[in-house]
Amino acid sequence: MAAAGGGFEDPSEDVLAQAAAAFGLLASPARLHIVWAPAQGESDVTGLAERVGGALPAVSQHPTKLKLAGLVRSRREGRRQVYYVDDPDVVEVVRPLVDRLTDRAAPARRRTRRDRWAARCGSSRARPRH
């Protein structure tokens, strides 16, 4: 591994390929949500489908792919497969990014509601002022 300008060594090609594959899996909003959910607490596929808002057959394929990549784990409880995240590194990557983007979206959401209200008030459907 060659040292970069800051004195850090570059990761190997294999490590970069594995990281790119993991980030590629997380590029799907459904899969990112499926990693987010068990990072907050264990869930079976039915619970994940409810949280993600997708059909059970469509959602059930995602945890399997995430498990193969080592991003989630599972254990069997009777007939159910329960998914969870026990790797703090996965949580440390996903949670701060989602939190940051949520914080950034909050002012835009407030502005959007305000803009819709102003547009509604300025339209012909606005309540007359007395």
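If you're wondering where the values come from, they're calculated on a predicted model, not measured in any experiment. Counting starts from 1 at the beginning of each chain's written sequence and moves along it residue by residue. At least 70 in pLDDT is required for a residue's local features to be given in this predicted model, at least 80 for side-chain atom pairs to be given and counted, and no such filter applies to totals for whole chains, interfaces and linings, which use all residues. In computing side-chain values, all of the structure's heavy atoms are included and hydrogens and water are not.

Chemist: I keep staring at the nonpolar core and nothing clicks. Help me out?
Modeler: Soluble globular proteins: nonpolar side chains tend toward being buried together. Grouped together as the largest cluster of nonpolar side chains are 19 residues, with contacts concentrated most on Val35, Leu66 and Leu71. Contributions of two or more residues to this core are made by helix H1 (13-26), helix H2 (29-40), helix H3 (45-52), helix H4 (56-68) and helix H5 (88-122). Contact definition: two residues touch when any of their heavy atoms are within 4.5 Å. In this structure, Val35 is in contact with Leu26, Leu66, Val72, Val85, Val90 and Val94, ignoring residues within four places of it in sequence. Think of a nonpolar core as a cluster: buried Ala, Val, Leu, Ile, Met, Phe, Trp, Tyr and Cys residues, connected wherever their side-chain atoms sit within 4.5 Å. Burial classification: accessible surface area is computed with a 1.4 Å probe over protein chains only, and a residue below 20% of its type maximum counts as buried, one above 50% as exposed, and the rest as partly exposed. Helical segments are the DSSP runs of H or I of at least four residues, strand segments are the runs of E of at least two, and each set is numbered from the N terminus.

Chemist: When you look at the packing of H2 against H4 in this model, what are you seeing that I'm missing?
Modeler: Packed helices, taken two at a time, are described by the angle their axes make and the gap between the axes. Think of each axis as a best-fit line through the C-alpha atoms, taken over the contacting stretch in the case of a helix, with angles from 0 to 180 degrees between the N-to-C directions. The N-to-C vectors of H2 and H4 enclose an angle of 70°; their axes lie 10 Å apart at closest approach. Between H2 and H4, the angle is such that the two are roughly perpendicular. You can see that H2 and H4 cross each other, and the crossing is right-handed. The residues of H4 that touch H2, namely those facing Ala30, Arg31, Ile34 and Val35, are Val59, His62, Pro63, Lys65 and Leu66. Polar here means any residue outside two lists: the nonpolar Ala, Val, Leu, Ile, Met, Phe, Trp, Tyr, Cys and Pro, and the charged Asp, Glu, Lys and Arg; Gly therefore counts as polar. Residue classes in the contact of H2 with H4 are distributed as six nonpolar, one polar and two charged. Orientation labels follow simple angle bins: below 35 degrees gives roughly parallel, above 145 gives roughly antiparallel, 65 to 115 gives roughly perpendicular, and whatever is left gives oblique. It is the rotation of the near helix from the far one that decides the hand of a crossing: anticlockwise by less than a right angle makes it left-handed, clockwise makes it right-handed.

Chemist: How should I be thinking about the packing of H2 against H3 in this particular structure?
Modeler: Running from amino to carboxyl end, H2 crosses H3 at an angle of 120°, the nearest separation of the two axes being 10 Å. Between H2 and H3, the crossing angle belongs to the class labelled oblique. When the axes of H2 and H3 are compared, the crossing they make is right-handed. Of the residues in H3, those touching H2 at Ala30, His33, Ile34, Trp36, Ala37, Pro38 and Gln40 are Leu48, Arg51 and Val52. Split into classes, the residues belonging to the contact of H2 with H3 amount to seven nonpolar, two polar and one charged.

Chemist: Explain the side chain of Arg31 here, please?
Modeler: In this fold, Arg31 is placed in helix H2. No salt bridge is formed by the buried Arg31; its nearest oppositely charged neighbour, Asp87, is found at 17 Å. Excluding residues that lie within four positions of it along the chain, Arg31 makes contacts with Leu25, His62, Lys65 and Leu66. When charges are counted, Lys and Arg contribute as positive and Asp and Glu as negative, whereas His and the chain ends are disregarded. A side-chain nitrogen of Lys or Arg and a carboxyl oxygen of Asp or Glu constitute a salt bridge if their distance falls within 4 Å.

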